[in-house]
Each structure stands twice: as C-alpha cells, then as structure tokens.
2 protein chains.
Amino acid sequence: MDPRVREHAEVLVDWSARVEPGDDVVVSVGEGAHELGVAVAEKLGAVGANTVTTYASEEMTRAYLHAHDGDFDEDPAHQLALYENADAVLFLGGDRNTTGTADVPPEKTQASSRATEGVREAYLSTDWVKTLHPTRAHAQQAGMAYGEYRDFVYDAILTDWASLADEMARLKERLDDGSEVRLVKEGDDTDLTMSIENRTAVNSPASVAYDSHNLPSGEVFTAPEEPEGTVHFDVPMTIQSRRVTDARLVFEGGEVVDHSAETGEEALGDVLDTDEGARRLGELGIGMNRDIDRFTYNMLFDEKMGGTVHLAVGRAYGACLPEGEEGNRSATHVDLITDMTGAGTRLEVDGEVVQRDGVFRWEEGFEG
Amino acid sequence: MDPRVREHAEVLVDWSARVEPGDDVVVSVGEGAHELGVAVAEKLGAVGANTVTTYASEEMTRAYLHAHDGDFDEDPAHQLALYENADAVLFLGGDRNTTGTADVPPEKTQASSRATEGVREAYLSTDWVKTLHPTRAHAQQAGMAYGEYRDFVYDAILTDWASLADEMARLKERLDDGSEVRLVKEGDDTDLTMSIENRTAVNSPASVAYDSHNLPSGEVFTAPEEPEGTVHFDVPMTIQSRRVTDARLVFEGGEVVDHSAETGEEALGDVLDTDEGARRLGELGIGMNRDIDRFTYNMLFDEKMGGTVHLAVGRAYGACLPEGEEGNRSATHVDLITDMTGAGTRLEVDGEVVQRDGVFRWEEGFEG
C-alpha cells in the first residue's frame, strides 16, 4: 500500500472528522475506494470508533434508478435512522468510471434526490467529510497519468492545514465585516453583486472543527442573497456526469431568469429545474488552495484552486446563516467556477477591491 | 452479465425475501459480490423497494479488528437503528479471499461478536436472506474450476423450490410429531440422542415464507435439547477461516464436556469458549438438497446436501421454539456436518428408523 493512503486516512479521521473513541461512524466506500477504506477502517479501529460501512456504487445506483418507476418513497426509515444515529459520516469517493450514471434520466435522479431531503439533512447534521481516493477513472477525467494524478491528489490532501487556516482567516474577517460582494470581469460578460449582510463566512481548512467538510479544502465561503447581474463560468465542469462549458447565469430579483452554456446547456437547465431553491444562490466560495494548480474536472479540487471563485445554485450551508434563519433550501447544490486571474478581473467587498487579477490585497504583487 | 446472475437476483428478491413495494431493504455486498449487487439493485428498483447498501469487506474487517484494542462498544446506535428499521436484509456473500480474516485473533472476533448481539437480534427479526455470488476464491476453496463452480452454484440456487418444499414437508411432519432423535453410525464413534419434544421443525426451501433464510437451502431443521452421547463430524469444514477435520463432540447433561479434532482443534475450542450457550446445541439439520452433490467447504451449501446431517453449537432459531420459550442463546452459531450415507448409519425418531445409509423411509431403496 502506498504509504500516502494511510496518511490520507489519518488526516481524514484525526484532522478532518475529529473522530473520538466511541463515535458511531458511517464509512461510505466508492467502487474504487476499497484501498482507502481499508486504511480508514484500520484508523477507526485504532481510535475505538464504531463503524457501519456503506457501499456507494454507481453501477448499483444506475441499475436501481433505471428499473424504478420514479415514484420514490420519502426518506426511507432505515436510511434515516442510520444517519440520525451517526456521529460522523466519511464519504470515500473513488469511481471506476466517472460517467457511471451518464444514461440515467436526470428527472429520475432529481426525484430521488428530492425524496431523500430528510436523509440529507440528517447526515449534514453529523461531522461528515467528503474525500476522494485517486482512481484511474479520476486520473482519466483529469487528463493525467495515474501516477501523476496520485501525486496531485496527495499534494492537495497532505498539506499543512493549520497554516492555510491562518491565511484564510484574513479573508473570512473581511467577508464577515462586509455587506456586499461584487464580481467583475471586464470584457467577459461578468458583473454580479450580491448581499452578504449578516452572513458568517466559513474558513474552510478541511476540518469539521471549522465547519469545513471537504478534504481537500482551502476556500472561504458564505451564503449570499439577492444576486443581481450576469456571471460567466469559464471553467469547464462535470454536472451529473455531463460536461458543461461556458455557462452563463443572469440573475434578477435574486433568481436565475436566464441561463445558457456552450455545451451541456440541458444539464444546467435540469439542475435549475430541480426545485424553487435551485434557481437561487446557495454559496459564494473563494478558492485559496495554491497547492491545487490545475483543473481536473472534479469540483472537490477545482473549486478550492487559488485564483478562482465559485457560486453554487441550490442549498445553503447552515453554518453561514444567522441564528434562526433558514437560508436557501433545495435538494440540489451545484457549484460553478469562474477564473479570477485574467486582466481586468476583480472581487470587491463594499466597493473595496479585495482581489485583483487573482492576487489578494495582502499578497505580493497586488495592484490597488 | 451471465443471465443466471439476474435469475439469482429474482429468486432472491421474489421467492426468498418476498420483498414488496415500499419495503426498506439493507443489501450487504461482499468484496466479490458486486455483479450480483447490480442485479439485485435492478430488481429492487423494479419492485419499488428502498435500499441501503452496506459493504462487507474482509479486508476492512481485518484492518479494523487488528487495530482495535478489543474493548468493543455494545450495539452501536447507528448500526442497531439501521437494522431495527429494516424490513429485509439481503446478505450477498462473495469473497475475494476466503481466508481474508485468517490472522485475526479469534478472541477479538468473539468479543466483537458478543458486543453486537442486539444488532444480530435486530436483523434476525427481519426477512433476512443469506446467499452467495460465486467468486474465484470460493471456487478455489471448493477445489473447482471457476466455470465449473458457477454451474454448481447456479444449479443449487436456480432449482424448483416449491417442489422441494413438498418433499421436505414429509420429514418436518415426522419431526414435529416426534420427541427424541437418535443418530447412530456403527463403527464410527457416533451415537447421540437428543430431545425434540415440543419443537417445531422448519421446512427450509429458501424462503422467509417458510422461516428459511438461506439461498440455496434444502434442509429440515429443528432446535434440539439435552443431547447425550458422542458424535463424529467426518465432513471437513472451515471455521473462522481455519480448516477443521474429524471433529468429535461428547455431550453430557446437554453440554459439550469433551471435544477433539484431527486438525483445527483450537478453532473448535475457540468456538466452544465463545460463551455458555456455545457448548449447547442450537440446531439439528437434515440435508435434503440432492442438487448439491459434493462438499465445497462452504456451509451454505454443504449442510444442505442430501444424505448429511448437521448439528450446530450455539444460538437456536426462534422459529423452532414453542411460544414464550427462549431456546439456547449464544453469540455464535457454528454448524458441523456428518455424512449419513455410510453402511450402518441411521437416523431414528422415537425409535423408528427414518433414514438408513442415506436413504429416507419414503425413498426407493430404503431397507426397513
């Protein structure tokens, strides 16, 4: 076993999920994530946690959804009970084919997703963490050799999280104090304003102790409201197994009123049609992980890349919201990324330029 | 996909587990059982059942147990809740290495088993079924070629269960009316009597509708008491990944007072030391499946073979017991088999010979 697999398991269990003796942990193992599963089982045994291991198979999901009539029962009792009684849920992603559910009708995926909103709320209430075991399929999706991709993944995961957390605290402070964010990309059809009044930004260094649930992470995110304007997402991405490039969203009165994409426009439309909340913003995220230095068509990595900003339509994270406020609700949460490193690009908070051409105010080379 | 995989899934879901629309089903998938998992997911989707898929990995189990200090928490809440809220549990066995947990200290396996007795009771209260996807590892354990083994497994599974049920009903009737069973193998150190007073035998044609939870099945079993005498188990078997041959048990006052084995005596001793109930009988089973025509070192098949009888130490099945009686309780249930086809061999109920030299009373060639 590559020694980095065990290191990955240690970071996941100790730093990210903060698992303690006696915790009831659900370990979800992807089809290609067996090896990481073994390392995580070993680590959880050493900690003295209790495990239930679930199997997240795209081929089983595809077969089930294809055969089902689409009228899904709401929040099956056994599934709900499993997560309601769990302290932590560790999602070990790792596909053998990243397009393994490509031919499932999107409306079926959406219907299934809508029917299990309570299940999702239950696991989102735990110390859940989503991570990825590098497989050949993910390497292929990234256009990389297998060994090259493993290096990329472990560089991003086995990093000095505490030190990155300190750096990200600066941006969090600025967002917490601010009330409006504006994204501008001159000559690129992007000018969007949104309110972040009374929102709390999450400094996300891949640990539940910071309300940060992805490994790797390296972003600061919040839950914006009332977006107005247009945004062009020039980073290509994969939505429900389908490639989407050059997506554009137009917001009026806080909702998407127009959308387009060079490729995958239908996939984008399907997402927006999931439910009412799918047409509103759930997240503004600012990538700050400079260890992630290229796009790999995987949101877990792409959205954390330094010099990018992402917006998600759909569900907002509770951690960003004031006490008692529900924020945007939706069965979906789909991130879209825009590159902020081009000339004439800026991120403003209350009119002050915080990032210009991909360089933050406090970084060397910033031009005020 | 071999068309027999889908047929297997259909028999499992329709005949064996009797899954109905809206049922909450746990599907447990072994490391090598993925293909059957896909077929079962498809079938459950078509039925309209709700699924949680768990992953039964020997390598994860081994890693967890090795690392754990052995002081296991009792019945973890999330695991218990999952099974308490399930209508059915489908165990799709299928190892990639049938000795995958061979180096785990038996006392750790036992301690883990003892700690989860409530979990076990919870799933035993569901419409659970245990079956096997034929893997290369199981073929190797059986000493068979892969294609040969697949034929063997599907012959045993894709049989006419309704017709076998009719045949087995005769033996069930005889056992239900009887009060004492005696096993005798002349010249082979076997003469054992046991009480079956007030017991109800289970006619086990691989369907929960008959309280029969193995696919394949093909046995009639009951829960005997007060065994007295000696029995020699001349069929080799695998107990907790260890080979055991020529086991002998001596019963006095209903309990094992002496035991031996040609090989694997320690494994046998470990089982008997699990708890108090592990020294008492939990089951007398009579194999009646003539489609299973050879030993494959797998109890799921071996104990059903026509012309064999098996006894289990440990837990008794509730279905055999009179209302309100608990029967033998134990964290373990380990079956041991003896060949009843040799000359001078007989199975008696209340002094009447029911089977002689492997031939039942009602079969051609029976010598009364």
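Conventions we followed
- Residues numbered from 1 in each chain as written.
- Chains lettered and ligands numbered in written order.
- Predicted model: local features only at pLDDT ≥ 70, side-chain atom pairs only at ≥ 80, totals over all residues.
- Heavy atoms only, no water.
- Axes fitted to C-alpha atoms, helices over the stretch in contact; angles between N-to-C directions.
- Helix = DSSP H or I, 4+ residues; strand = E, 2+ residues; numbered from the N terminus.
- Parallel < 35°, antiparallel > 145°, perpendicular 65-115°, else oblique.
- Left-handed = near helix turned anticlockwise from the far one by under 90°.
- Contact = heavy atoms within 4.5 Å.
- Nonpolar A, V, L, I, M, F, W, Y, C, P; charged D, E, K, R; others polar.
- Pairing = 2+ DSSP bridges.
- Polar contact = N/O pair within 3.5 Å; in protein donor to acceptor, adjacent residues only side chain to side chain.
- Expected span 1.5 Å × (residues − 1).
- Buried < 20%, exposed > 50% of the residue type's maximum accessible area, 1.4 Å probe, protein only.
- Domains from an automatic or database assignment.
- Buried area = accessible area lost by both parts, 1.4 Å probe.
- Salt bridge = Lys/Arg side-chain N within 4 Å of Asp/Glu carboxyl O.
- Least-squares fit on C-alpha atoms with pLDDT ≥ 70 in both.
- Phe/Tyr/Trp six-rings, centres within 6.5 Å; stacked < 30°, edge-to-face > 60°.

1. Regarding the packing of helix H1 (residues 3–16) of chain B against helix H2 (residues 34–47) of chain B
Residues and elements named next belong to chain B. Taken N-terminus to C-terminus, the directions of H1 and H2 make an angle of 50°; their axes are 9 Å apart at the nearest point. With respect to each other, H1 and H2 are oriented oblique. As for how H1 packs across H2, the hand of that crossing is right-handed. Contacts from Val5, Arg6, His8, Ala9, Glu10, Leu12, Val13 and Asp14 of H1 reach H2 at Glu35, Leu36, Ala39, Val40, Glu42, Lys43, Leu44 and Val47. Taken together, the residues of the contact of H1 with H2 sort by class into nine nonpolar, one polar and six charged.

2. A closer look at the sheet that holds strand E19 (residues 352–356) of chain A
Adjacent strands of a sheet pair through backbone hydrogen bonds, lying either parallel or antiparallel. Residue and element names in this part refer to chain A. Spatially, E14-E13-E10-E6-E5-E18-E19-E20 is the arrangement adopted by the eight strands of the open sheet, whose pairing is antiparallel. Both edges of this open sheet fall to strand E14 (255–260) and strand E20 (359–360), since each of them pairs with a single strand only. Bridge analysis of strand E5 (residues 180–185) against strand E6 (residues 190–195) gives six bridges, and the strand direction is antiparallel. In the sheet register, arginine 182 faces E6, and the bridge partner there is threonine 193. Across the sheet, helix H10 (residues 265–272) is in contact with strand E13 (247–252) and E14; its angle to E14 comes to roughly 165°.

3. Considering the side chain of B:Asp23
Residues and elements named next belong to chain B. When you line up the elements, aspartate 23 lands in the loop between H1 and strand E1 (24–30). For aspartate 23, the side chain forms a polar contact with the main-chain nitrogen of glutamate 20, separated by 2.9 Å. Once you skip the residues sitting within four places of it in the chain, aspartate 23 turns out to touch Arg18, Ala49, Asn50 and Asp87.

4. Digging into helix H2 (residues 34–47) of chain A
Residues and elements named next belong to chain A. With 14 residues, H2 extends 20 Å between its outermost C-alpha atoms, agreeing within 8% with the 20 Å of an ideal straight helix rising 1.5 Å per residue. For H2, a buried count of 11 out of 14 residues is recorded, marking the element as mostly surrounded by other parts of the structure. Every buried residue of H2 is listed here: His34, Leu36, Gly37, Val38, Ala39, Val40, Ala41, Lys43, Leu44, Gly45 and Val47. The positive-phi residue at the C-terminal boundary of H2 is glycine 48, with phi of around 90°.

5. Describing the domain arrangement of chain A
Often the size quoted for an interface is simply the accessible area lost on bringing the parts together. All names here are of chain A. Considered domain by domain, chain A is made up of domain 1 (3–157) and domain 2 (162–360). Across the boundary between the two partners, domain 1 contributes 38 residues, which contact 33 residues of domain 2. Of the roughly 2900 Å² buried where domain 1 meets domain 2, counting both sides, 56% is carbon and sulfur surface. If you sort the residues of domain 1 by the area they bury against domain 2, Trp15, Gln141 and Phe152 come out on top, with a joint share of 21%. Applying the counting criterion to the domain 1 and domain 2 interface returns three salt bridges. In this structure, the salt-bridge partner of arginine 329 is glutamate 121, at a minimum N-O distance of 3.5 Å. At the junction of domain 1 with domain 2, the criterion picks out 16 residue pairs in polar contact (both at pLDDT 80 or more).

6. Comments concerning the interface of chain B and chain A
On the side of chain A, 40 residues touch chain B, which itself brings 40 residues to the contact. Of the roughly 3300 Å² buried between chain B and chain A on both sides combined, carbon and sulfur atoms contribute 66%. Our count for the contact surface shared by chain B and chain A stands at zero salt bridges. Across the chain B-chain A interface, the total number found is 20 residue pairs in polar contact (both at pLDDT 80 or more). Considering each element in turn, the side of chain B that touches chain A owes the most residues, eight residues, to H2(B).

7. Regarding the relation of the copies chain B and chain A
The operation relating chain B to chain A is a screw motion whose rotation component is 180°, with 0.0 Å of axial translation and a residual RMSD of 0.0 Å. Each copy turns onto its partner about a two-fold axis. Relative to the rotation axis, the C-alpha of B:Thr54 is the closest in chain B, positioned 1.9 Å from it. When the interface residues of chain B are mapped onto chain A, 100% of them again fall at the interface, so both copies present the same face.

8. As for the environment of B:Leu65
All names here are of chain B. As for its position among the elements, leucine 65 is in helix H3 (residues 58–67). Taking the C-alpha atoms as reference points, leucine 65 and arginine 315, 250 residues apart in sequence, are found 23 Å from one another. In this view, leucine 65 contacts Phe72, Val104, Lys108, Thr109 and Ser112; residues no more than four positions away in its chain are not counted.

9. Considering unusual backbone geometry
Residue and element names in this part refer to chain A. The omega angle of the peptide bond from leucine 215 to proline 216 is 10°, so this bond is cis rather than trans. Positive phi, normally seen in glycine, also occurs at glutamate 226, with a value near 45°. Assignment of secondary structure puts glutamate 226 in strand E10 (residues 225–233). Judged by its relative accessible area of 54%, glutamate 226 is exposed.

10. Looking at the packing of aromatic side chains
Ring pairs (aromatic) are described by centroid distance and by the angle formed between their planes. Taken as a whole, this structure holds 17 aromatic pairs over all chains when the rule is applied. For the pair A:Tyr55 and B:Tyr55, a centre-to-centre distance of 5.0 Å together with 10° between the ring planes defines the contact as stacked. Of this pair, A:Tyr55 sits in strand E2 (residues 50–56) while B:Tyr55 sits in strand E2 (residues 50–56), which puts the two residues in different chains. The same class applies to A:Tyr55 as to B:Tyr55, namely buried.

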